[in-house]
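Chain by chain, the residues:
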Amino acid sequence: MTLLQWFVFFLILQVIHFIGTWKMYEAAGRKRWEAAVPIYNAIVLMKIINRPTWYTILLFVPIVNLIMFPVVWVETLRSFGKNSTTDTILGIATLGLYVTYVNYTQSLNHIPDRSLIPENKAADTISSLLFAIVVATIVHTYVMQPYTIPTSSLEKSLLVGDFLFVSKFHYGARVPMTTIALPMVHDTIPLLHKKSYLNKPQLPYFRFPGLQKIEKNDIVVFNWPVDTVYKFFDTSKRKADKPIDKKSNYVKRCQGTPGDMLQIKDGVVFINGKQLVLPERAKPQYSYTVSTNGSSFDQTYILKDLHITDGVYQTSANTFIFSALTEESATRLKNNPIVTSIVRNVSHDPEPAVFPQIADGWNKDNYGPIYIPEAGKTVPLNGQTLPFYKRIITEYEGNDLKVTGDEIRVNGKVSNAYTFKQNYYWMMGDNRHNSEDSRYWGYVPENHIVGKPVFIWMSLDSHASGLGKIRWERLFTTVGGEGQPYSYFKFFLIALVAYFGITFFFNKRKENS
(Lines give C-alpha, C1' and ligand atoms only; values in the text may rest on other atoms or scores of the structure.)
Protein backbone atom coordinates (compact mmCIF):
# COMPACT_ATOMS: atom_id res chain seq x y z
CA MET A 1 0.00 0.00 0.00
CA THR A 2 1.15 3.53 -0.78
CA LEU A 3 1.24 6.35 1.77
CA LEU A 4 -1.94 7.80 0.22
CA GLN A 5 -3.71 4.44 0.50
CA TRP A 6 -2.64 4.10 4.15
CA PHE A 7 -3.86 7.64 4.85
CA VAL A 8 -7.28 6.86 3.35
CA PHE A 9 -7.39 3.58 5.32
CA PHE A 10 -6.53 5.46 8.51
CA LEU A 11 -9.34 7.97 7.92
CA ILE A 12 -11.81 5.13 7.32
CA LEU A 13 -10.81 3.60 10.67
CA GLN A 14 -11.37 6.97 12.36
CA VAL A 15 -14.87 7.20 10.89
CA ILE A 16 -15.65 3.65 12.07
CA HIS A 17 -14.30 4.49 15.53
CA PHE A 18 -16.46 7.63 15.74
CA ILE A 19 -19.62 5.83 14.61
CA GLY A 20 -19.02 3.00 17.04
CA THR A 21 -18.04 4.90 20.21
CA TRP A 22 -19.35 8.50 20.26
CA LYS A 23 -22.12 7.67 22.74
CA MET A 24 -19.55 6.10 25.07
CA TYR A 25 -17.47 9.28 24.95
CA GLU A 26 -20.55 11.30 25.96
CA ALA A 27 -21.46 8.82 28.70
CA ALA A 28 -17.95 9.28 30.10
CA GLY A 29 -18.44 13.07 30.26
CA ARG A 30 -16.49 13.89 27.10
CA LYS A 31 -17.62 15.75 23.97
CA ARG A 32 -18.98 13.89 20.97
CA TRP A 33 -16.47 15.48 18.59
CA GLU A 34 -13.56 14.11 20.67
CA ALA A 35 -14.33 10.66 19.29
CA ALA A 36 -13.75 11.92 15.75
CA VAL A 37 -10.33 13.65 16.00
CA PRO A 38 -7.52 11.29 14.93
CA ILE A 39 -4.90 10.47 17.60
CA TYR A 40 -6.56 12.85 20.08
CA ASN A 41 -9.52 10.44 20.28
CA ALA A 42 -7.09 7.67 21.34
CA ILE A 43 -5.61 9.91 24.05
CA VAL A 44 -9.12 10.66 25.37
CA LEU A 45 -10.04 6.98 25.19
CA MET A 46 -7.07 6.12 27.41
CA LYS A 47 -8.51 8.50 30.02
CA ILE A 48 -11.93 6.92 29.67
CA ILE A 49 -10.60 3.39 30.26
CA ASN A 50 -8.29 4.67 33.02
CA ARG A 51 -5.05 3.72 31.25
CA PRO A 52 -1.82 5.75 30.85
CA THR A 53 -1.70 8.22 27.97
CA TRP A 54 1.49 6.60 26.60
CA TYR A 55 -0.59 3.53 25.70
CA THR A 56 -1.63 5.64 22.69
CA ILE A 57 1.86 5.24 21.22
CA LEU A 58 1.56 1.46 21.31
CA LEU A 59 -1.57 1.64 19.14
CA PHE A 60 0.58 2.97 16.29
CA VAL A 61 3.55 0.60 16.63
CA PRO A 62 3.30 -2.14 13.94
CA ILE A 63 2.91 -5.70 15.29
CA VAL A 64 2.59 -4.36 18.87
CA ASN A 65 -0.74 -2.77 17.93
CA LEU A 66 -2.08 -6.22 17.02
CA ILE A 67 -1.80 -7.02 20.73
CA MET A 68 -2.96 -3.62 21.95
CA PHE A 69 -6.18 -3.36 19.93
CA PRO A 70 -7.86 -6.38 21.61
CA VAL A 71 -6.67 -5.08 25.00
CA VAL A 72 -8.30 -1.69 24.34
CA TRP A 73 -11.55 -3.30 23.11
CA VAL A 74 -11.82 -5.38 26.28
CA GLU A 75 -10.84 -2.46 28.54
CA THR A 76 -13.46 -0.26 26.88
CA LEU A 77 -16.18 -2.84 27.51
CA ARG A 78 -15.12 -3.25 31.14
CA SER A 79 -15.15 0.51 31.66
CA PHE A 80 -18.89 0.35 30.95
CA GLY A 81 -19.62 -2.67 33.15
CA LYS A 82 -19.24 -5.41 30.54
CA ASN A 83 -17.01 -7.72 32.58
CA SER A 84 -18.25 -11.21 31.74
CA THR A 85 -16.25 -13.82 29.86
CA THR A 86 -18.86 -13.66 27.09
CA ASP A 87 -18.33 -9.92 26.70
CA THR A 88 -14.57 -10.44 26.47
CA ILE A 89 -14.88 -13.19 23.87
CA LEU A 90 -17.36 -11.19 21.77
CA GLY A 91 -15.18 -8.08 21.96
CA ILE A 92 -12.18 -9.94 20.55
CA ALA A 93 -13.99 -12.33 18.17
CA THR A 94 -15.86 -9.49 16.43
CA LEU A 95 -12.66 -7.42 16.05
CA GLY A 96 -14.13 -4.74 18.30
CA LEU A 97 -17.48 -4.46 16.57
CA TYR A 98 -19.18 -5.70 19.73
CA VAL A 99 -18.19 -2.34 21.23
CA THR A 100 -20.39 -0.69 18.58
CA TYR A 101 -23.28 -3.01 19.47
CA VAL A 102 -22.97 -2.05 23.14
CA ASN A 103 -22.67 1.62 22.17
CA TYR A 104 -26.13 1.63 20.58
CA THR A 105 -28.09 -1.07 22.40
CA GLN A 106 -27.02 -0.99 26.06
CA SER A 107 -27.39 1.43 28.91
CA LEU A 108 -24.01 3.14 29.16
CA ASN A 109 -22.85 3.62 32.75
CA HIS A 110 -19.22 4.70 32.78
CA ILE A 111 -17.06 3.51 35.71
CA PRO A 112 -14.35 6.19 36.00
CA ASP A 113 -12.60 4.75 39.06
CA ARG A 114 -12.66 1.14 37.88
CA SER A 115 -10.09 -1.03 39.66
CA LEU A 116 -7.28 -2.15 37.37
CA ILE A 117 -6.13 -4.90 39.72
CA PRO A 118 -6.84 -8.37 38.19
CA GLU A 119 -9.70 -10.13 39.96
CA ASN A 120 -8.05 -13.57 40.02
CA LYS A 121 -4.74 -15.35 39.44
CA ALA A 122 -5.64 -16.34 35.87
CA ALA A 123 -6.43 -12.74 34.92
CA ASP A 124 -3.22 -11.58 36.60
CA THR A 125 -1.20 -14.15 34.66
CA ILE A 126 -2.76 -13.13 31.34
CA SER A 127 -2.19 -9.44 32.08
CA SER A 128 1.47 -10.05 32.98
CA LEU A 129 1.97 -12.24 29.92
CA LEU A 130 0.52 -9.63 27.56
CA PHE A 131 2.72 -6.93 29.07
CA ALA A 132 5.79 -9.16 28.70
CA ILE A 133 4.94 -9.91 25.05
CA VAL A 134 4.51 -6.21 24.28
CA VAL A 135 7.86 -5.30 25.85
CA ALA A 136 9.65 -8.23 24.22
CA THR A 137 8.15 -7.39 20.82
CA ILE A 138 9.33 -3.78 21.05
CA VAL A 139 12.85 -4.89 22.04
CA HIS A 140 12.93 -7.60 19.35
CA THR A 141 11.70 -5.26 16.62
CA TYR A 142 13.47 -1.99 17.39
CA VAL A 143 16.40 -2.71 19.73
CA MET A 144 17.96 -6.19 19.73
CA GLN A 145 17.12 -9.50 18.04
CA PRO A 146 18.53 -12.98 18.77
CA TYR A 147 20.00 -14.77 15.78
CA THR A 148 21.68 -18.14 15.16
CA ILE A 149 24.51 -18.76 12.69
CA PRO A 150 23.28 -21.59 10.43
CA THR A 151 26.12 -21.85 7.84
CA SER A 152 29.90 -21.67 7.69
CA SER A 153 30.21 -18.72 5.29
CA LEU A 154 31.79 -16.54 8.02
CA GLU A 155 33.69 -19.41 9.62
CA LYS A 156 36.43 -18.37 12.09
CA SER A 157 34.80 -14.95 12.66
CA LEU A 158 31.38 -16.47 13.37
CA LEU A 159 30.97 -20.21 13.82
CA VAL A 160 28.05 -22.48 13.07
CA GLY A 161 26.22 -22.73 16.39
CA ASP A 162 26.94 -19.17 17.52
CA PHE A 163 23.94 -17.43 19.09
CA LEU A 164 24.07 -13.69 18.52
CA PHE A 165 22.38 -10.52 19.63
CA VAL A 166 21.81 -8.35 16.56
CA SER A 167 21.48 -4.62 17.13
CA LYS A 168 18.64 -2.93 15.25
CA PHE A 169 19.59 0.61 16.27
CA HIS A 170 23.21 0.74 15.02
CA TYR A 171 22.09 1.12 11.39
CA GLY A 172 18.65 2.44 12.33
CA ALA A 173 15.69 0.29 13.33
CA ARG A 174 13.49 -0.62 10.38
CA VAL A 175 9.74 -0.34 10.93
CA PRO A 176 8.13 -3.70 10.05
CA MET A 177 6.65 -3.58 6.58
CA THR A 178 4.50 -6.66 7.25
CA THR A 179 1.71 -5.33 9.45
CA ILE A 180 -0.09 -8.58 10.31
CA ALA A 181 2.28 -11.17 11.77
CA LEU A 182 2.92 -13.12 14.94
CA PRO A 183 5.28 -11.26 17.27
CA MET A 184 8.88 -12.43 17.76
CA VAL A 185 8.87 -15.10 15.06
CA HIS A 186 10.19 -14.76 11.55
CA ASP A 187 8.50 -16.36 8.55
CA THR A 188 7.40 -19.66 10.11
CA ILE A 189 5.37 -20.57 13.20
CA PRO A 190 7.49 -22.88 15.38
CA LEU A 191 6.31 -26.52 15.60
CA LEU A 192 3.34 -25.87 13.27
CA HIS A 193 5.64 -25.01 10.33
CA LYS A 194 3.04 -22.64 8.92
CA LYS A 195 3.45 -19.13 7.55
CA SER A 196 3.49 -16.62 10.41
CA TYR A 197 2.23 -13.56 8.52
CA LEU A 198 -0.11 -12.16 5.88
CA ASN A 199 1.47 -10.72 2.73
CA LYS A 200 -0.87 -7.74 2.78
CA PRO A 201 -1.28 -5.01 3.81
CA GLN A 202 2.30 -3.71 3.66
CA LEU A 203 3.68 -0.49 5.13
CA PRO A 204 6.05 1.62 3.00
CA TYR A 205 9.73 1.26 3.91
CA PHE A 206 10.88 3.50 6.75
CA ARG A 207 14.02 3.36 8.88
CA PHE A 208 14.80 5.41 11.99
CA PRO A 209 18.11 7.31 12.04
CA GLY A 210 21.01 5.05 13.00
CA LEU A 211 24.12 5.51 15.11
CA GLN A 212 26.40 4.73 12.17
CA LYS A 213 26.51 3.82 8.51
CA ILE A 214 27.49 0.43 7.17
CA GLU A 215 31.24 0.42 6.62
CA LYS A 216 33.39 -1.94 4.60
CA ASN A 217 34.25 -5.08 6.62
CA ASP A 218 31.20 -4.72 8.88
CA ILE A 219 29.40 -8.00 9.54
CA VAL A 220 25.75 -7.39 8.64
CA VAL A 221 22.48 -9.29 9.01
CA PHE A 222 20.10 -8.73 6.09
CA ASN A 223 17.12 -10.25 4.34
CA TRP A 224 18.26 -12.46 1.47
CA PRO A 225 17.15 -10.43 -1.58
CA VAL A 226 16.40 -13.35 -3.92
CA ASP A 227 14.71 -15.53 -1.30
CA THR A 228 11.65 -17.42 -2.49
CA VAL A 229 12.18 -20.62 -0.47
CA TYR A 230 9.16 -21.75 1.50
CA LYS A 231 11.33 -22.44 4.52
CA PHE A 232 15.07 -22.02 5.13
CA PHE A 233 16.91 -25.26 4.26
CA ASP A 234 13.66 -26.67 2.79
CA THR A 235 14.47 -29.21 0.08
CA SER A 236 11.01 -29.18 -1.48
CA LYS A 237 10.14 -27.33 -4.67
CA ARG A 238 7.58 -25.07 -3.00
CA LYS A 239 8.14 -21.37 -3.56
CA ALA A 240 6.96 -18.40 -1.53
CA ASP A 241 6.48 -14.78 -2.52
CA LYS A 242 7.76 -13.17 0.67
CA PRO A 243 7.60 -9.57 1.85
CA ILE A 244 11.02 -7.96 2.28
CA ASP A 245 11.14 -8.23 6.07
CA LYS A 246 10.05 -11.89 6.00
CA LYS A 247 12.75 -13.10 3.63
CA SER A 248 15.36 -15.41 5.15
CA ASN A 249 17.96 -13.74 7.35
CA TYR A 250 21.54 -13.94 6.07
CA VAL A 251 24.76 -12.78 7.72
CA LYS A 252 27.81 -11.78 5.64
CA ARG A 253 30.64 -9.28 5.67
CA CYS A 254 30.11 -6.05 3.73
CA GLN A 255 32.88 -5.76 1.12
CA GLY A 256 31.50 -2.97 -1.03
CA THR A 257 29.54 0.16 -0.07
CA PRO A 258 27.50 2.53 -2.27
CA GLY A 259 29.58 4.20 -4.98
CA ASP A 260 32.44 1.66 -4.86
CA MET A 261 33.95 -0.12 -7.84
CA LEU A 262 34.63 -3.69 -6.72
CA GLN A 263 36.85 -6.30 -8.32
CA ILE A 264 38.10 -9.73 -7.22
CA LYS A 265 41.53 -10.89 -8.43
CA ASP A 266 42.60 -14.45 -7.60
CA GLY A 267 40.21 -14.41 -4.64
CA VAL A 268 41.39 -11.06 -3.23
CA VAL A 269 38.93 -8.13 -3.08
CA PHE A 270 39.95 -4.76 -4.52
CA ILE A 271 37.93 -1.58 -3.96
CA ASN A 272 38.46 1.31 -6.34
CA GLY A 273 41.70 -0.28 -7.49
CA LYS A 274 43.16 -0.86 -4.01
CA GLN A 275 43.30 -4.14 -2.10
CA LEU A 276 40.73 -4.25 0.69
CA VAL A 277 42.50 -4.76 4.01
CA LEU A 278 40.51 -7.08 6.28
CA PRO A 279 40.39 -6.59 10.06
CA GLU A 280 42.43 -8.82 12.37
CA ARG A 281 39.41 -10.91 13.36
CA ALA A 282 38.55 -11.71 9.75
CA LYS A 283 40.06 -15.03 8.69
CA PRO A 284 39.48 -15.50 4.95
CA GLN A 285 39.54 -19.13 3.88
CA TYR A 286 40.16 -20.77 0.54
CA SER A 287 40.24 -24.21 -0.97
CA TYR A 288 43.66 -25.92 -1.17
CA THR A 289 44.98 -28.99 -2.95
CA VAL A 290 47.42 -30.86 -0.70
CA SER A 291 49.76 -33.64 -1.85
CA THR A 292 51.38 -36.05 0.60
CA ASN A 293 54.05 -38.74 0.50
CA GLY A 294 51.27 -41.31 0.47
CA SER A 295 50.38 -41.05 4.13
CA SER A 296 46.93 -40.03 5.34
CA PHE A 297 46.15 -37.28 7.82
CA ASP A 298 45.29 -38.16 11.39
CA GLN A 299 41.75 -37.00 12.22
CA THR A 300 42.85 -35.71 15.64
CA TYR A 301 45.47 -33.55 13.92
CA ILE A 302 42.86 -32.13 11.54
CA LEU A 303 40.39 -31.40 14.34
CA LYS A 304 42.68 -30.19 17.11
CA ASP A 305 45.64 -28.56 15.35
CA LEU A 306 44.05 -27.21 12.16
CA HIS A 307 40.62 -26.67 13.79
CA ILE A 308 38.84 -28.17 10.78
CA THR A 309 35.56 -29.98 11.43
CA ASP A 310 34.61 -30.82 7.83
CA GLY A 311 35.52 -30.12 4.22
CA VAL A 312 38.52 -32.50 3.84
CA TYR A 313 38.27 -34.85 0.85
CA GLN A 314 40.75 -37.45 -0.40
CA THR A 315 40.77 -37.56 -4.21
CA SER A 316 43.61 -40.05 -4.68
CA ALA A 317 46.14 -42.03 -2.67
CA ASN A 318 48.28 -38.96 -2.04
CA THR A 319 45.99 -36.00 -2.86
CA PHE A 320 43.57 -34.21 -0.55
CA ILE A 321 41.27 -31.22 -1.00
CA PHE A 322 40.89 -28.91 2.01
CA SER A 323 37.85 -26.78 1.15
CA ALA A 324 38.35 -24.11 3.81
CA LEU A 325 41.82 -23.22 5.10
CA THR A 326 43.03 -19.92 6.53
CA GLU A 327 46.49 -18.73 5.54
CA GLU A 328 47.71 -19.56 9.06
CA SER A 329 46.36 -23.11 8.88
CA ALA A 330 47.81 -23.57 5.40
CA THR A 331 51.25 -22.56 6.70
CA ARG A 332 51.02 -25.08 9.56
CA LEU A 333 49.86 -27.75 7.14
CA LYS A 334 52.76 -26.99 4.79
CA ASN A 335 55.19 -27.71 7.64
CA ASN A 336 53.72 -31.16 8.23
CA PRO A 337 56.39 -33.74 7.30
CA ILE A 338 53.99 -35.84 5.20
CA VAL A 339 53.04 -32.85 2.98
CA THR A 340 54.98 -32.58 -0.27
CA SER A 341 53.07 -29.62 -1.75
CA ILE A 342 50.16 -27.32 -0.98
CA VAL A 343 48.52 -25.07 -3.59
CA ARG A 344 45.66 -22.62 -3.12
CA ASN A 345 42.97 -23.34 -5.68
CA VAL A 346 42.19 -20.34 -7.86
CA SER A 347 39.53 -20.60 -10.55
CA HIS A 348 40.19 -19.08 -13.98
CA ASP A 349 37.39 -20.85 -15.83
CA PRO A 350 34.17 -18.98 -16.67
CA GLU A 351 31.39 -19.61 -14.15
CA PRO A 352 28.03 -18.74 -15.76
CA ALA A 353 26.21 -19.00 -12.41
CA VAL A 354 27.82 -15.85 -10.99
CA PHE A 355 25.87 -12.59 -11.05
CA PRO A 356 24.64 -11.25 -13.46
CA GLN A 357 24.59 -14.66 -15.21
CA ILE A 358 26.12 -13.54 -18.50
CA ALA A 359 28.94 -15.16 -20.46
CA ASP A 360 31.68 -12.72 -19.50
CA GLY A 361 34.37 -15.07 -18.17
CA TRP A 362 33.84 -14.09 -14.52
CA ASN A 363 33.98 -16.59 -11.65
CA LYS A 364 34.09 -16.61 -7.84
CA ASP A 365 37.86 -15.89 -7.75
CA ASN A 366 38.18 -13.47 -10.66
CA TYR A 367 35.22 -11.17 -10.84
CA GLY A 368 34.38 -7.66 -12.00
CA PRO A 369 34.95 -4.78 -11.94
CA ILE A 370 31.38 -4.05 -10.88
CA TYR A 371 29.79 -0.79 -9.68
CA ILE A 372 27.93 -0.74 -6.34
CA PRO A 373 24.88 1.54 -6.87
CA GLU A 374 24.47 4.68 -4.76
CA ALA A 375 21.20 6.54 -4.14
CA GLY A 376 20.87 9.55 -6.45
CA LYS A 377 23.63 8.45 -8.84
CA THR A 378 22.87 7.88 -12.54
CA VAL A 379 24.27 5.12 -14.76
CA PRO A 380 23.96 4.58 -18.51
CA LEU A 381 21.32 2.06 -19.52
CA ASN A 382 21.97 -0.15 -22.53
CA GLY A 383 22.23 -3.77 -23.54
CA GLN A 384 25.54 -4.21 -21.72
CA THR A 385 24.59 -2.56 -18.42
CA LEU A 386 20.96 -3.71 -18.16
CA PRO A 387 21.77 -7.23 -16.78
CA PHE A 388 23.46 -5.58 -13.77
CA TYR A 389 20.55 -3.28 -12.93
CA LYS A 390 17.47 -5.11 -14.24
CA ARG A 391 16.48 -6.55 -10.85
CA ILE A 392 17.11 -3.19 -9.16
CA ILE A 393 14.84 -1.40 -11.62
CA THR A 394 12.00 -3.91 -11.44
CA GLU A 395 12.12 -5.78 -8.10
CA TYR A 396 13.90 -3.47 -5.68
CA GLU A 397 12.66 -0.09 -6.93
CA GLY A 398 9.28 -1.07 -8.37
CA ASN A 399 9.46 0.19 -11.94
CA ASP A 400 7.90 -1.21 -15.08
CA LEU A 401 10.62 -2.32 -17.51
CA LYS A 402 10.12 -3.29 -21.15
CA VAL A 403 12.88 -4.14 -23.60
CA THR A 404 12.22 -4.27 -27.34
CA GLY A 405 15.36 -4.89 -29.35
CA ASP A 406 17.76 -2.11 -28.39
CA GLU A 407 14.95 0.06 -26.97
CA ILE A 408 14.62 0.17 -23.16
CA ARG A 409 11.49 1.67 -21.61
CA VAL A 410 11.18 2.43 -17.89
CA ASN A 411 7.61 3.24 -16.81
CA GLY A 412 6.65 3.69 -20.47
CA LYS A 413 9.45 6.16 -21.30
CA VAL A 414 12.43 5.39 -23.52
CA SER A 415 15.47 5.49 -21.20
CA ASN A 416 19.20 5.51 -21.83
CA ALA A 417 20.06 6.17 -18.18
CA TYR A 418 18.76 5.25 -14.73
CA THR A 419 18.97 7.06 -11.36
CA PHE A 420 19.00 4.85 -8.25
CA LYS A 421 16.45 5.48 -5.48
CA GLN A 422 18.34 3.76 -2.65
CA ASN A 423 21.80 2.54 -1.65
CA TYR A 424 23.12 -0.95 -2.30
CA TYR A 425 25.79 -3.12 -0.69
CA TRP A 426 28.03 -6.03 -1.66
CA MET A 427 28.07 -8.87 0.89
CA MET A 428 30.50 -11.80 0.94
CA GLY A 429 31.47 -14.62 3.26
CA ASP A 430 35.01 -15.01 4.61
CA ASN A 431 34.84 -18.67 3.61
CA ARG A 432 35.41 -17.64 0.00
CA HIS A 433 34.87 -21.00 -1.69
CA ASN A 434 31.92 -22.04 0.47
CA SER A 435 29.68 -19.00 0.53
CA GLU A 436 26.56 -18.20 -1.45
CA ASP A 437 26.81 -14.43 -1.51
CA SER A 438 26.64 -11.32 -3.71
CA ARG A 439 28.88 -12.99 -6.28
CA TYR A 440 25.90 -15.22 -7.10
CA TRP A 441 22.82 -13.04 -6.53
CA GLY A 442 24.08 -9.48 -6.67
CA TYR A 443 23.38 -6.38 -4.66
CA VAL A 444 21.75 -6.08 -1.23
CA PRO A 445 19.30 -3.12 -1.14
CA GLU A 446 19.36 -0.80 1.86
CA ASN A 447 15.75 -1.65 2.72
CA HIS A 448 16.83 -5.30 3.22
CA ILE A 449 19.30 -4.43 6.02
CA VAL A 450 18.27 -5.95 9.38
CA GLY A 451 21.05 -5.01 11.79
CA LYS A 452 24.55 -5.42 13.16
CA PRO A 453 25.68 -8.48 15.17
CA VAL A 454 27.25 -7.17 18.36
CA PHE A 455 27.43 -10.00 20.88
CA ILE A 456 27.80 -13.80 21.07
CA TRP A 457 25.90 -14.95 24.15
CA MET A 458 26.13 -18.70 23.49
CA SER A 459 28.09 -21.00 21.17
CA LEU A 460 27.45 -24.72 20.69
CA ASP A 461 29.66 -27.20 18.85
CA SER A 462 27.50 -29.84 17.15
CA HIS A 463 30.49 -32.20 16.91
CA ALA A 464 30.89 -32.40 20.70
CA SER A 465 28.66 -33.76 23.45
CA GLY A 466 27.57 -32.84 26.98
CA LEU A 467 29.11 -29.71 28.45
CA GLY A 468 31.82 -30.09 25.84
CA LYS A 469 29.33 -28.75 23.28
CA ILE A 470 29.66 -25.29 24.83
CA ARG A 471 32.48 -23.21 23.41
CA TRP A 472 33.22 -21.48 26.71
CA GLU A 473 35.85 -19.15 25.23
CA ARG A 474 33.20 -17.62 22.92
CA LEU A 475 30.54 -16.89 25.53
CA PHE A 476 29.76 -13.19 25.89
CA THR A 477 32.33 -12.10 23.31
CA THR A 478 31.86 -9.11 21.02
CA VAL A 479 31.56 -9.67 17.27
CA GLY A 480 33.41 -6.53 16.15
CA GLY A 481 36.31 -4.56 17.53
CA GLU A 482 40.07 -4.69 17.28
CA GLY A 483 42.25 -7.54 18.45
CA GLN A 484 41.19 -11.09 19.23
CA PRO A 485 37.76 -11.84 20.79
CA TYR A 486 37.61 -11.49 24.57
CA SER A 487 35.03 -13.26 26.74
CA TYR A 488 33.12 -11.20 29.30
CA PHE A 489 31.46 -14.33 30.72
CA LYS A 490 33.15 -14.04 34.13
CA PHE A 491 31.91 -10.46 34.52
CA PHE A 492 28.40 -11.65 33.65
CA LEU A 493 28.61 -14.33 36.36
CA ILE A 494 29.86 -11.79 38.91
CA ALA A 495 27.00 -9.42 38.04
CA LEU A 496 24.48 -12.27 38.24
CA VAL A 497 25.70 -13.40 41.68
CA ALA A 498 25.68 -9.78 42.89
CA TYR A 499 22.11 -9.29 41.65
CA PHE A 500 20.77 -12.38 43.43
CA GLY A 501 22.78 -11.53 46.55
CA ILE A 502 21.39 -7.99 46.75
CA THR A 503 17.85 -9.21 46.01
CA PHE A 504 18.09 -11.84 48.75
CA PHE A 505 19.44 -9.26 51.23
CA PHE A 506 16.63 -6.76 50.64
CA ASN A 507 13.94 -9.46 50.69
CA LYS A 508 15.21 -10.67 54.08
CA ARG A 509 15.38 -7.12 55.35
CA LYS A 510 11.79 -6.54 54.21
CA GLU A 511 10.60 -9.71 55.95
CA ASN A 512 12.26 -8.71 59.23
CA SER A 513 10.91 -5.15 59.22
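What comes next concerns the included structure. Treat the numbers as computed from the prediction; the structure is a model and nothing was measured.

**Topic: the sheet that holds strand S14 (residues 367–371)**
And then number 1: With antiparallel pairing, the 4 strands of this open sheet are ordered in space as S9-S8-S7-S14. Lying at the two open borders of the sheet, with one neighbouring strand each, are strand S9 (274–275) and S14.
And then number 2: Two elements, strand S7 (residues 261–265) and strand S8 (residues 268–271), share 4 bridges in a ladder whose sense is antiparallel. What sits directly across from glutamine 263, in S8, is phenylalanine 270.

**Considering the sheet that holds strand S11 (residues 312–316)**
And then number 1: Strand order across the open sheet formed by 4 strands is S11-S12-S10-S13, with antiparallel pairing between neighbours. A single partner strand is all that each edge strand has here, and the edge strands are S11 and strand S13 (339–344). For this sheet, the mean inter-axis angle between neighbouring strands, taken without regard to orientation, is 25°.
And then number 2: Each of strand S10 (285–292), strand S12 (319–326) and S13 touches helix H9 (residues 327–334); the most contacted strand, S12, lies at about 145° to it.

**A few points about the nonpolar core**
And then number 1: Of all hydrophobic cores here, the largest spans 29 residues; its most connected members are Ile370, Tyr389, Trp426 and Tyr443.
And then number 2: Broken down by secondary-structure element, the contributors of at least two residues to this core are S7, S8, S14, helix H10 (386–396), strand S17 (407–410) and strand S20 (424–428).
And then number 3: By residue number, the principal contributor to this core is H10, which donates 6 residues.
And then number 4: Beyond its immediate sequence surroundings of up to four residues, isoleucine 370 is in contact with Asp260, Met261, Leu262, Phe355, Trp362, Phe388, Trp426 and Tyr443.
And then number 5: Core analysis: the second largest hydrophobic core is formed by 28 residues, Tyr25, Ala35, Leu58 and Tyr98 among them.

**Concerning a nonpolar patch on the surface**
And then number 1: Taken together, Met1, Leu4, Phe7, Val8, Phe9, Leu11, Ile12, Leu13 and Ile16 make up a surface patch of nonpolar side chains, about 800 Å² in accessible area.
And then number 2: Mapped onto the elements, valine 8 comes out in helix H1 (residues 3–27).
And then number 3: The exposure class assigned to valine 8 is partly exposed, which follows from its relative accessible area of 41%.

Conventions used here
- Residues numbered from 1 in each chain as written.
- Predicted model: local features only at pLDDT ≥ 70, side-chain atom pairs only at ≥ 80, totals over all residues.
- Heavy atoms only, no water.
- Pairing = 2+ DSSP bridges.
- Helix = DSSP H or I, 4+ residues; strand = E, 2+ residues; numbered from the N terminus.
- Axes fitted to C-alpha atoms, helices over the stretch in contact; angles between N-to-C directions.
- Contact = heavy atoms within 4.5 Å.
- Core = buried A, V, L, I, M, F, W, Y, C linked by side-chain atoms within 4.5 Å.
- Buried < 20%, exposed > 50% of the residue type's maximum accessible area, 1.4 Å probe, protein only.
- Patch = residues over 30% accessible without salt bridge, like charges linked within 9 Å, V, L, I, M, F, W, Y side chains within 5 Å.
- Areas by Shrake-Rupley, 256 points an atom, 1.4 Å probe, with all protein chains shown as cover.
- Salt bridge = Lys/Arg side-chain N within 4 Å of Asp/Glu carboxyl O.

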